[in-house]
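Read off the chains here:
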Amino acid sequence: MFDNGRVTDLRPRLPSPLREVSDDRFARHGVRLLLKRDDLIHPELIGNKWRKLAPNLERAAGRTLLTFGGAYSNHLRATAAAGRLLGLPTVGVVRGDELAGRPLNPSLARCAADGMRLHFVDRPTYRRKTEADVLATLLERAGAPDAYVVPEGGSNAAAVRGCRALGEELRGRTDVVALACGTGGTLAGLAAGLAPGQLALGIPVLKGGFLGDAIAALQDEAFGGRRGEWRLDERFHFGGYARVTPALEAFASDFERRHGVPVERLYVAKSLFGLAALAEEGAFPRGTTVTAVITGRPFP
Ligand SMILES: *Cc1c(COP(=O)(O)O)cnc(C)c1O
């Protein structure tokens, strides 16, 4: 599949481990809880970032990779790491020109150390980054006019098709699969890979209520129509992206202590909190098996 023989050099651990944990918040409602450890797929291209990037790295076929993200983007970090590991030049277009000339935050410093060239752009330009003339200027300025462009968050049709494997790995193992959603690309692919009767449940970490349409559009682009059974529960964004309340922090550190799993706060904590709240509300009939996808790991 990876005909240049390079993407396989990344040696992912697939299928990712699946294990049952005992948690009374689920058990007292007769619900089994499994953890799908996508955080263990690769030490640097973590979780869904590996699943989404791998098919794009293959298609890039050695060209410079140019992509987009905010100052703390997990996707930028994963792309930079892939670039270093595969010897591919990478360019990161970063939202916010006020960041230019300031010391880099730890996340961007890691990107730079991995060899990613960073281009800071003002917010109005960043919003228009998919328009042909804006993109052409960005590619020009990056000195990489023929770069392979990966969208913000890494979610394009190839990425969504790559995430089907996550669903396929869970066929016959669970009734419900829950995961945190940013762009929704992972959910779009996961749902398409599950068997009939299995439900993919997305917990958006951004406020806005726009994600359902975005996921339908991604499935359309990747598969030519809606696939699988999926829905969203929009109640657990905690005020928006990167907002962590004391209650969420307490939940996450308690989950880490109970189960010995590092809980990434921006995405994973919100999905686990949402899933536990749903179990406590009696949303799942007795005898249901639910799987939480651990889509990432805290950045050190
Ligand atoms: C990027 C990311 C997500 C969101 O994935 P989408 O495909 O954009 O919905 C979820 N969890 C973690 C840990 C991530 O880094």
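Keep in mind the model is a prediction, meaning the values are calculated, not measured. (Residues numbered from 1 in each chain as written. Predicted model: local features only at pLDDT ≥ 70, side-chain atom pairs only at ≥ 80, totals over all residues. Heavy atoms only, no water.)

### Some remarks on the pattern of salt bridges
Right, on to step 1. Applying the stated criterion across every chain, the model contains 23 salt bridges.
Right, on to step 2. Notably, a salt bridge pairs Arg 25 with Asp 254, separated by 3.7 Å at the nearest N-O pair. One end of the pair, Arg 25, is in helix H1 (residues 24-27); the other, Asp 254, is in helix H10 (residues 246-259), and 229 residues separate them in sequence.
Right, on to step 3. Taking relative accessible area as the criterion, Arg 25 reaches 9% and is therefore assigned buried.
Right, on to step 4. Of the residues examined, Asp 254 reaches a relative accessible area of 22% and is grouped as partly exposed.
Right, on to step 5. The structure contains a network of salt bridges with shared partners spanning Asp 23, Asp 24, Arg 25, Arg 28, Asp 254, Arg 258 and Glu 280. (Salt bridge = Lys/Arg side-chain N within 4 Å of Asp/Glu carboxyl O. Helix = DSSP H or I, 4+ residues; strand = E, 2+ residues; numbered from the N terminus. Buried < 20%, exposed > 50% of the residue type's maximum accessible area, 1.4 Å probe, protein only.)

### Points about the packing of helix H7 (residues 157-169) against helix H9 (residues 211-223)
Right, on to step 1. It is at 8 Å that the axes of H7 and H9 come closest, and there the two elements cross at 90°. By the angle between their directions, the pair H7 and H9 is classed as roughly perpendicular. Along its contact with H7, which presents Ala 157, Val 160, Arg 161 and Arg 164, the element H9 presents Leu 218, Glu 221, Ala 222 and Phe 223.
Right, on to step 2. Its residues assigned to classes, the contact of H7 with H9 shows five nonpolar, no polar and three charged. (Axes fitted to C-alpha atoms, helices over the stretch in contact; angles between N-to-C directions. Parallel < 35°, antiparallel > 145°, perpendicular 65-115°, else oblique. Contact = heavy atoms within 4.5 Å. Nonpolar A, V, L, I, M, F, W, Y, C, P; charged D, E, K, R; others polar.)

### A word on the packing of aromatic side chains
Right, on to step 1. This model, assessed by the stated rule, comprises six aromatic pairs.
Right, on to step 2. Between Phe 251 and Phe 273, the ring centres sit 5.2 Å apart and the planes meet at 70°, which makes this aromatic pair edge-to-face. Highlighted residues: Phe 251 in helix H10 and Phe 273 in helix H11 (residues 268-280), separated in sequence by 22 residues.
Right, on to step 3. Judged by its relative accessible area of 24%, Phe 273 falls in the partly exposed class. (Phe/Tyr/Trp six-rings, centres within 6.5 Å; stacked < 30°, edge-to-face > 60°.)

### Structural notes on the domain arrangement of the chain
Right, on to step 1. By the assigned domains, the chain splits into domain 1 (2-44 + 155-293) and domain 2 (64-146).
Right, on to step 2. With centres defined by C-alpha atoms, the gap from domain 1 to domain 2 works out at 27 Å.
Right, on to step 3. Counting each side, the surface lost to burial between domain 1 and domain 2 is near 670 Å², with a carbon and sulfur contribution of 54%.
Right, on to step 4. Applying the counting rule to domain 1 against domain 2 returns one salt bridge. (Domains from an automatic or database assignment. Buried area = accessible area lost by both parts, 1.4 Å probe.)

### Things to note about the state of the cysteines
Right, on to step 1. If you walk through the whole model with that rule in mind, you get zero disulfides.
Right, on to step 2. Here Cys 181 stays free of any disulfide, with the sulfur of Cys 163 as its closest cysteine sulfur at 11 Å.
Right, on to step 3. Using a relative accessible area of 2% as the deciding quantity, one classes Cys 181 as buried. (Disulfide = S-S within 2.5 Å.)

### Notes on the side chain of Asn 56
Right, on to step 1. Mapped onto the fold, Asn 56 is located in helix H2 (residues 48-60).
Right, on to step 2. Among the residues examined, Asn 56 registers a relative accessible area of 0% and is labelled buried.
Right, on to step 3. Among the polar contacts listed, one links the side chain of Asn 56 to the backbone oxygen of Lys 52, at a separation of 3.1 Å.
Right, on to step 4. Aside from chain neighbours lying at most four places away, what touches Asn 56 is Tyr 148, Val 150, Gly 154, Asn 156, Ala 158 and Ala 159. (Polar contact = N/O pair within 3.5 Å; in protein donor to acceptor, adjacent residues only side chain to side chain.)

### Considerations on the packing of H10 against H11
Right, on to step 1. Their axes nearest at 10 Å, the elements H10 and H11 cross at an angle of 90°. Taken together, the axes of H10 and H11 lie roughly perpendicular to each other. Contacts from Ala 247, Leu 248, Phe 251, Ala 252 and Phe 255 in H10 reach Ala 269, Lys 270, Leu 272, Phe 273 and Ala 276 in H11.

### Details of the confidence of the model for the chain
Right, on to step 1. With 98% of its residues at a pLDDT of 70 or more, the chain shows a mean pLDDT of 94.
Right, on to step 2. For the stretch residues 1-5, pLDDT sits under 50, and the model shows six contacts to residues farther than four places along the chain or on other chains. (pLDDT = per-residue confidence, 0-100.)

### So, the side chain of His 42
Right, on to step 1. Looking at where His 42 falls in the secondary structure, it is placed in the loop between strand E2 (32-36) and H2.
Right, on to step 2. Given a relative accessible area of 5%, His 42 falls into the buried group.
Right, on to step 3. Looking at His 42, its side chain comes within polar contact range of the main-chain nitrogen of Leu 45, at 3.0 Å.
Right, on to step 4. If we ignore the near neighbours within four places in the chain, the residues touching His 42 are Leu 10, Arg 11, Trp 50, Leu 85 and Arg 297.

### Considerations on the site of the ligand
Right, on to step 1. Taken together, 16 residues surround the ligand, and among them Lys 49, Lys 52, Thr 183, Thr 186 and Thr 295 come closest.
Right, on to step 2. Between the ligand and the protein, one listed contact pairs an oxygen atom with a side-chain N or O atom of Asn 48 at 2.9 Å.
Right, on to step 3. A distance of 2.8 Å separates an oxygen atom of the ligand from a polar atom in the backbone of Gly 184.
Right, on to step 4. The fraction of the free accessible surface of the ligand (390 Å²) that becomes covered by protein chains is 97%.
Right, on to step 5. Class assignment of the residues belonging to the shell around the ligand gives a composition of three nonpolar, ten polar and three charged. (Near = heavy atom within 4 Å. Areas by Shrake-Rupley, 256 points an atom, 1.4 Å probe, with all protein chains shown as cover.)

### Details of the sheet that holds strand E3 (residues 65-69)
Right, on to step 1. An order of E5-E4-E3-E6 is seen for the four strands of this open sheet, with the pairing classed as parallel. Looking at strand neighbours, the two that pair on one side only are strand E5 (117-121) and strand E6 (148-149), the edges of this open sheet.
Right, on to step 2. When strand E4 (residues 90-95) meets E5, the two strands line up parallel, connected through five bridges. Of the residues in E5, the one forming a bridge with Arg 95 is Val 121.
Right, on to step 3. Helix H3 (residues 74-86) contacts E3 and E4 of the sheet and is inclined by roughly 160° relative to E3. (Pairing = 2+ DSSP bridges.)

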